[in-house]
Structures are given as structure tokens and as C-alpha cells.
Number of protein chains: 2
Amino acid sequence: MPVFEREEYLQRISKTKEKMSEAGIDLLLISHPANMNYLTGYDGWSFYVHQCVLVSLEQEEPVWLGRGMDANGARITSFLSEENILEYADDYVQSTVKHPMHFIADYIKEKGWDKGSIGVEMDQFFFTHRSYVELEASLPNARFVDANTLVNWVRLIKSNAEIEFMRRAGKIAVKVMDTARKVIAPGVRECDAAAAIAAAQYGGTEEHGGDYPAIVPLMMAGEATKTPHLTWTDKRYQQEEAVLLELCGAYKHYHAPIARTIYLGKNPPQLMLDTAKVVLEGLQDALNIIKSGVVVEEVEEAWRKSIAHSGIIKTSRIGYSIGVNYPPDWGEQTISVRPGDKTVLQPNMTIHLIPGIWFDDVGFEIDASIQITKNGFEHLYDYPLELFIKK
Amino acid sequence: MPVFEREEYLQRISKTKEKMSEAGIDLLLISHPANMNYLTGYDGWSFYVHQCVLVSLEQEEPVWLGRGMDANGARITSFLSEENILEYADDYVQSTVKHPMHFIADYIKEKGWDKGSIGVEMDQFFFTHRSYVELEASLPNARFVDANTLVNWVRLIKSNAEIEFMRRAGKIAVKVMDTARKVIAPGVRECDAAAAIAAAQYGGTEEHGGDYPAIVPLMMAGEATKTPHLTWTDKRYQQEEAVLLELCGAYKHYHAPIARTIYLGKNPPQLMLDTAKVVLEGLQDALNIIKSGVVVEEVEEAWRKSIAHSGIIKTSRIGYSIGVNYPPDWGEQTISVRPGDKTVLQPNMTIHLIPGIWFDDVGFEIDASIQITKNGFEHLYDYPLELFIKK
């Protein structure tokens, strides 16, 4: 059974079709797992083989096309009718002579959808260059259009049902960070802390079981605090070292990321204390201006002005839109909180603000996962905004 | 510090260059995270943005090019010298006007590598259609060649150091399956079982901490046993239902997958018992012929002949090569154990045999993760090959 009502999927498809019409797209071929899930409910770890969802302006329901062994998964998890679940034979998988796009192209021709314009996700990881080449060669009458983030932009404003899922994810996020703060201590192996964190993520709360987030726990300690995006080793935590934690709670693939910094010991370096103060003030100043109607780049500007008095210069974006997602990223690829992003904030957009610092001499992470409201915003979870010092 | 000796990376690079020469490739552009890791040691969860490793026939060391904030991660985890770690500015990330391939193309021109042939991974998920288009437009003097699984094929025969890592992964796999068998019981929520399994995966053994496998726990229960590739829900396990487990132990991104089936209750359906018997015999008959010199398709043939007396017909491949990997797949995309695969088995190839059955009326999973030896094979772990009935 899909996790939302059929009506919710139909609304999403209707919004997608509006954007297709605006872009002159007759048929949309979607390979991004989160976009496939968003439009149909399909939820399988099958995105290591080629698969897609087709949305035609001519037909109410989308069509799922995937590997034969995954068709029952589509029957179980999506809202699609039997005639809209199509399976290709296994010898298409990782073959050098056959390609799943041949099967998909045959279906498109059979439906007579090969004469119009076809939108594909040209810069998404799950649609390869060869996918494009095979599709183009198989459908000589079609005109291909880049629809790279078309569905991502439909996803930008969440329904109330989605917001509820993200609040459940937020409750899990609190449990996850509590677990991390409890277990991380000098002498403990990083991998054992990761184990406890993952258990908190997957287990979730008593009311709502957790899901796997699109990114595994990122937990840089000691020297590694000068970079984001590392995971864990089997080293033991040391006295007087910092630990950066970029974690998450997830509920049915909806995300509430949570990032904090722990210092293990009594003597945090002055540079870390100073950096934490500047970043926390900067984050607060950015949050203070957030409400419906504000332009995204103004949020970054508020942050930048706030930290201008300090020596800190941050050249990378300080946030992005979040929602439903699959590995490798919980970012939505729509809003990036940086100069030049002219998106106007609207109620039920959900943003992850993470002004992380990864300098050679100091690292610091803190974040806020928020829902935009008419007059301001609400946090997806309540958690202290501070540097944790664990003596 | 990279996890292998510099000498090991140089051997891998040398083998890669041999294959490049054979294929007439002067410069290889690698985006697959496992291939990047294999050639340089680089290990960051940064594969949600564009990045690559360049291997030139003209230069001993490869070059890592990635996002600015990940360069320190490359300095920490790879064996590369400082001059071979190049970082692009953050406004290339998910931009509609700039693309990281512009930065990469500029570097290729600067080095004078744009006049020869360039191999790219045309059907890998981390090299998009737009990556190709931007690269081609930026490098008009280059000739592009498909090098889709070139490095994957170099990875096929493992070094002794890699085999040792996979045996450590095997020890973790045993712990993971023991944990699953212990925790899964009627009344327990699937998500809580997943939590315990993930903790076993990440924590690893006392000697060797675990890593995140390239695939999260796949654990289909009840109706879901008619499909692979689903994860977990917050439903509670029922008395008299089957649970299919496709799990894994991982050590520094090297994998030892382990799949078993548990029946919860006293009355397993006769069809499940019969299926288990046929599949276990078929797996054993396939294993019996495995040794260096055997052709891969002969292994599948032995399986097929073994089960021919039964009603079971399996149209999907029964195995594939494994080793180092990152999400979304622990399969290597080289050997597929199916008709037509003419690869000759050689010592230190490592194969995951998984003749899974996912029919509407019965599901059954069992596997063997093995290392090919001169006269046969060795299991990566010792674990009973049977259907577990938990009364």
C-alpha cells in the first residue's frame, strides 16, 4: 500500500502535468528515485538498475517500467494499476548488448508517445549518458527536452501530509542526536557510536518507526573536522577533540537533518568557541528574517552581514530545500541558499540551513531544519542551538 | 591515510593503464565512487555532486577533482599528492548556468590532455548525460570513448590485501545474520529488527569496525516475500510468516553479502520447504563445479540442470562479482552468472551467488559469498546453508 492517499498522488501528477505543459513536454521520463516515489509511491532499493516512471499528458496514471523481479515491489508499494506496471527481462541488466532503454522505447512507441516531445532528467545520476543515447536512437521521431529538476520543483511546496511526515522525522532526529551525544565519549570506537546512531535512525520512535536517511551518519572527529562528508573509522575518540555530527531522522523517506558539534574535554580551543559564537549568531540572524515572501538570497545575505565582523568567510551555500529523498542526497536540488537564488519563500517549503565551517584549523557544524510559514517559520524539531561541551 | 599501501594503488593504476592502452584511451575520466576509491583511496560521501578522478598515461598519479569543501577529505583519505587534488568553487554545485565539467575540462586543457582520446563511463550513474554534453562541448579536440566498466574489470581479481578485507567483512556478516535471527520474532517491529541489524553492520567485530554496506538491509516479510529489494516497515512480525533477509557485512567498503530465509512458526508451507530443498541443492550443485578455469555460464548451467526436475524456473541471473563498492549497489557490473557470460574463473575473483526466488506464492533467499581458488573456492564466511525455522 502506498503511504499517501491516491488523491495526493493525483494532485502531484496534476501539478507535474501543468509544468510539463508550460515546458512543452508531452511525455516525461523520470528516473530519479525520489521523483519516482513522489509520483507513484514506488519504494524499492532497485535504483541500481535502470528503471523509470512515465507521465503522459494523455493518461491519468503514470507508468512504472523496471526490472522483472521488482514489479511485485511496484505492485505492493505504488498506487498504480496492474496495466501500468511493466517489467523488462533480466538479460537487460548490465548487459553490453541490450539496454533497458530499448524496452522503454518500445513501450513508448507502442503507446504512440514517440512523436511528441519527451522530457528527461539530463543531469540526474540515475539517467546515464547511454540512457540518453539509446533512447534517442530508438525514438527518431521524438524531440528531447531537459526536464532535469521539473518534478523536484513540484516537490518544493509540501502538502500537509508531507509536513506531518517531516515532523515525525524531526522527532526521530531528536532521538538520533540524543543517542549520539550519549554514546560519543573518549575511548569509544567511532564505529560503535555509528552503530548506536544507525539503530536510533532505523528504529525511530515508539509511535513511528524510522527509515534509512539518504545519507549515512557523517561524523568527523579530530583531524577530520576540517572536512565534511566523512563517515567513521574504528579509531577511539580522544580526550580534547571535537566531533562534527551531520545526522538525520527519516520517516518514510522524508528527512529532518540535524547537525551539531561536540567537544570532548574541558579545554575547547578559543578559536572553536569564537567560531561557534559567530556561526550561531549568523544562523540566528538568518532565521530572524525568514518568512513567506522573503527571497532566498536575502537569507544568505543576512547570514553574511552577521558574520562580516569576524574573520570567517564562507563561500559555500548555507542551505537547501529538503523533503522526500533516496541516497545519495537528501537535498532537493531546487533552492540553494546562496547569492543569486531568487526563489521567493512560501508556506510549506522546508529548508535545511547548515552553515558548516570546515577550515584547516577549526571545524564547526550546526543547523536548523525548518518549515516556512506565512509569518515566519517553525523548526521541524526542538533541539538546543549550541556547541556541546562534554567534560 | 588511505587504507592500502601506496604500492597497491600504483599496481591498480598500472593495470588500468594497460587496459587504457589496449582500448586506445589516453585519458580516463572516472566518476564511479568505487572506481575513484579503488584508484586513489578517496572515501567521502560526496558522490551526490559531480567529481572525478583522471588517469593519464602521461602521469604516474591520478588527479582528484571535486567540490572545494571535499578537498580536505581527499587529502585525508587518498594517497594523492597535493598538486593532484583540485577543487571547484561551490557555485558550480547544482547550478543551471555553471557545470563542474567546465572546471574539469579547463584542467584537462591546461594539462594538454584534450587532444587525445578520453574514456568516460557512459552508462554509470555518477556520470550524467549533461556531464557528457558539457565535456564534449568544452573539449572539441578530444575523441570520446566508452570506458564504462574498464576499471570495474581491473577490480575483478582481488589482491591478497583485498581478500583479507573481504574476510573481515565475512566475520561481520556472520555477526549481522546472527543478530537478525536473534531479534526477528513475532511481535517485534520490522524497524526495530532493522535497527539491530544496522548496529551489527556498523559496529563490526571487536577486532575490525564495520562500514556501511552499499545496500541497506533488505528484509521482506509476509506478503512482501514475493519481491526482493524492499526494506522495512513499522509492522510487527507475525506468527507463521516468512522473512527474507538480504544483508551484508562490510569492511572499508569491501562486501560480504549474506542472505537467508527465516520462517516464524511451526508450520512452514510445504511449497516453501520444497522450494528451499530445490534451491539449496541447486546452489550446492553450482558450487560443486566452481574452480579456476571454469566458465561463468557453466556455473549457471549446473544450477539450471539441478533444478530442472522441479517446477522452479528462474530467469534472472544467479550471481555476480563483488568487492569494493558504494551505494546504490555492491555488485561490480562485471561477471553476471547467467547464460552467455564467457568469463573464465580465476583465483581471487569473488562472487556472490544468490539464486533468489520471489514468486507470488513463495519466496526464498539463500546465498554464498565466495573466493575462487586454484582448485575450488572458499566461502568468505561459514554459515549454515539452510532454511531457518524459528518456532
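Sequence order sets the numbering: in each chain, residues are counted from 1 along the sequence as written. Just so you know, chain letters begin at A and ligand numbers begin at 1, following the order they were written in. A pLDDT threshold of at least 70 governs which residues receive local features in this predicted model, and a stricter bar of 80 or more applies before side-chain atom pairs are shown or counted, although totals over entire chains, interfaces and linings include all residues. Only hydrogens and water are set aside when side-chain values are computed; all heavy atoms of the structure are taken into account.

1. Overview of the overall build of chain A
Tallying secondary structure elements over chain A gives ten helices and 17 strands in all. The C-alpha radius of gyration computed for chain A amounts to 22 Å, which stays within 12% of the reference 21 Å derived for 391 residues, consistent with globular compactness. Along the first, second and third principal axes, the C-alpha set of chain A runs to 70 × 45 × 40 Å. Residue contacts are counted whenever heavy atoms from the two residues lie within 4.5 Å of one another. Partitioning the contacts of chain A with sequence separation of at least 6, the portion at a separation of at least 24 is 68%. What sets the accessible areas is the Shrake-Rupley method with a 1.4 Å probe; for residues, cover comes only from the shown protein chains. Total accessible area on chain A is roughly 13400 Å²; 49% of this is exposed by carbon and sulfur atoms. Each charge class in chain A can be summarised by its mean position, and for the 39 positive and 54 negative side chains these summaries are 3 Å apart. Each helix corresponds to a stretch of at least 4 residues labelled H or I by DSSP, and each strand to a stretch of at least 2 residues labelled E; elements are numbered beginning at the N terminus. Atoms counted for the radius of gyration: C-alpha only. Globule rule: 2.2 Å times residue count to the power 0.38. Positive: Lys, Arg. Negative: Asp, Glu. His and the chain ends are not part of the count. Every charge is mapped onto a representative atom, which is NZ of Lys, CZ of Arg, CG of Asp or CD of Glu.

2. A short note on the environment of A:Lys17
All names here are of chain A. Its place among the elements puts lysine 17 in helix α1 (residues 6-22). Judged by relative accessible area, which is 16%, lysine 17 ranks as buried. In this structure, the C-alpha to C-alpha distance between lysine 17 and glutamate 281, residues 264 residues apart in sequence, is 43 Å. Residues in contact with lysine 17, not counting those within four places in the same chain, are Val55, Ser56, Leu57, Gln59 and Glu60. Exposure classes here rest on a 1.4 Å probe applied to the protein chains alone. A residue is buried below 20% of its type maximum, exposed above 50%, and partly exposed in between.

3. Some words on the relation of the copies chain B and chain A
The two copies are related by a screw operation: chain B maps onto chain A through 180 degrees of rotation and 0.0 Å of translation along the axis, at an RMSD of 0.0 Å. Viewed as a symmetry operation, the transformation between the two copies matches a two-fold axis. Minimal C-alpha distance to the rotation axis in chain B is attained by B:His129, lying at 1.9 Å. In this assembly the copies share their binding face: 99% of the residues contributing to the interface of chain B also contribute to that of chain A. Superposing copies: least-squares fit, C-alpha atoms only, residues required to have pLDDT of at least 70 in both.

4. Some points on the sheet that holds strand β4 (residues 85-88) of chain A
Residue and element names in this part refer to chain A. Two strands qualify as a pair provided DSSP detects at least 2 bridges between them. The mixed open sheet is built from six strands, whose spatial order is β4-β3-β2-β1-β5-β6. Edge positions in the sheet fall to β4 and β6 (143-146), since each of these pairs with one other strand and no more. The sheet shows a mean angle of 25 degrees between the axes of neighbouring strands, direction not considered. In this analysis, axes come from line fits to C-alpha atoms, helices being fitted only over the stretch in contact, and the angle between any two N-to-C directions falls in the range 0 to 180 degrees. Across the sheet, helix α2 (residues 33-40) is in contact with β1 (27-30), β2 (52-56) and β3 (63-67); its angle to β2 comes to roughly 50 degrees. Docked against the sheet, helix α5 (residues 129-138) engages β1, β5 (117-120) and β6, running at close to 150 degrees with respect to β6.

5. As for the nonpolar core
If you look at the biggest cluster of nonpolar residues, it comprises 224 residues, and the most contacted ones within it are A:Leu54 and B:Leu54. Once you skip the residues sitting within four places of it in the chain, B:Leu54 turns out to touch B:Leu27, B:Leu28, B:Leu29, B:Pro62, B:Val63, B:Leu65, B:Tyr107, B:Ile108 and B:Trp113. We call a set of buried Ala, Val, Leu, Ile, Met, Phe, Trp, Tyr and Cys residues a nonpolar core when their side-chain atoms join them within 4.5 Å.

6. Side note on unusual backbone geometry
All names here are of chain A. The linkage connecting proline 327 with the following residue, proline 328, adopts the cis geometry, with an omega of 10 degrees. Structurally, the position occupied by proline 328 is in the loop between β10 (319-322) and β11 (331-336). You will see that glutamine 94, though not glycine, has its phi angle at about 45 degrees, which is positive. Note that glutamine 94 resides in the loop between β4 and α4 (100-110).

7. Points about the sheet that holds strand β7 (residues 218-221) of chain B
Two strands in a sheet stick together by hydrogen bonds in their backbones, pointing the same way (parallel) or opposite ways (antiparallel). Residue and element names in this part refer to chain B. One open sheet accounts for four strands, arranged β7-β8-β9-β17; its pairing is mixed. Two strands bound the open sheet, and with one partner strand each, they are β7 and β17 (388-390). Between one strand axis and the next, the sheet turns through 25 degrees on average, direction left out of account. Where strand β9 (residues 254-264) meets β17, three bridges bridge the pair, whose relative direction is parallel. If you follow isoleucine 262 over to β17, its bridge partner there is phenylalanine 388. Along the sheet, helix α7 (residues 160-183) contacts β8 (241-251), β9 and β17; its crossing angle with β9, the most-contacted strand, is approximately 20 degrees.

8. Things to note about helix α5 (residues 129-138) of chain B
The element α5(B) is extensively covered by neighbouring structure, given that seven of its ten residues are classed as buried. Taken together, the buried positions of α5(B) are occupied by B:His129, B:Arg130, B:Ser131, B:Tyr132, B:Glu134, B:Leu135 and B:Ser138. Contact partners of the buried residues in α5(B): α5 of chain A together with β1 (27-30), α4 (100-110), β5 (117-120) and β6 (143-146) of chain B.

9. Examining the domain arrangement of chain A
All names here are of chain A. These domain boundaries are the output of an automatic or database domain assignment. When its domains are assigned, chain A resolves into domain 1 (6-155) and domain 2 (160-390). The gap between the C-alpha centroids of domain 1 and domain 2 is 33 Å. The interface is formed by 18 residues belonging to domain 1 together with 15 residues belonging to domain 2. Buried surface area refers to the total accessible area, computed with a probe of radius 1.4 Å, that the two partners give up upon joining, counted for both partners together. Summed over both partners, the interface of domain 1 with domain 2 buries about 1400 Å², with 53% contributed by carbon and sulfur atoms. For domain 1, the biggest contributors to the area lost against domain 2 are Trp45, Trp153 and Arg155; these three give 32% of the whole. Think of a salt bridge as a Lys or Arg side-chain nitrogen and an Asp or Glu carboxyl oxygen that are within 4 Å of each other. At the junction of domain 1 and domain 2, the tally comes to one salt bridge.

10. Section: the environment of A:Lys342
Residues and elements named next belong to chain A. Relative to the elements of secondary structure, lysine 342 occurs in the loop between β11 and β12 (350-353). Looking at lysine 342, the relative accessible area reads 58%, which means it is exposed. Separated by 45 residues in sequence, lysine 342 and glutamate 297 place their C-alpha atoms 6.2 Å apart. Each residue touching lysine 342, except ones within four places of it in the same chain, is listed here: Val295 and Glu297.

11. Thoughts on the interface of chain B and chain A
The interface is formed by 76 residues belonging to chain B together with 75 residues belonging to chain A. Both faces combined, the contact of chain B with chain A buries some 6300 Å², and carbon together with sulfur accounts for 57% of it. Between the two partners, chain B and chain A, sit one salt bridge. For A:Asp123, the salt bridge goes to B:Arg130, with nearest N and O atoms at 4.0 Å. Polar contacts, as used here, are pairs of N or O atoms within 3.5 Å; protein pairs need one atom able to donate a hydrogen and one able to accept it. Residues neighboring in sequence count only if both atoms are side-chain atoms. Joining chain B to chain A, the criterion identifies 45 residue pairs in polar contact (both at pLDDT 80 or more). Elements with a contribution of two residues or more to the side of chain B that touches chain A: α3 (71-77), α5 and α8 (190-203) of chain B.

12. Side note on the pairing of strand β10 (residues 319-322) of chain B
All names here are of chain B. Taken together, the three bridges between β10 and strand β12 (residues 350-353) define a ladder with antiparallel strand orientation. Paired with serine 321 across the strands is isoleucine 351, a residue of β12. The sheet contact formed by β10 and strand β11 (residues 331-336) spans two bridges and is antiparallel. Residue pairing in the sheet places isoleucine 322 in a bridge with glycine 331 of β11.

13. Digging into the pattern of salt bridges
According to the stated counting rule, one finds 41 salt bridges over all chains in the structure shown. One salt bridge connects A:Glu162 with A:Arg12, and the closest N-O pair in it is separated by 3.6 Å. Here the residue A:Glu162 occupies a position in helix α7 (residues 160-183), and A:Arg12 occupies one in helix α1, the gap between them amounting to 150 residues. For B:Arg75, the salt bridge goes to B:Glu87, with nearest N and O atoms at 3.1 Å. Here B:Arg75 is found in helix α3, whereas its partner B:Glu87 is found in strand β4 (residues 85-88), with twelve residues between them in sequence. Overall, B:Arg75 belongs to the partly exposed group, its relative accessible area being 31%. If you follow the salt bridges from partner to partner, you end up with A:Arg6, A:Glu60 and A:Glu61 in one network.

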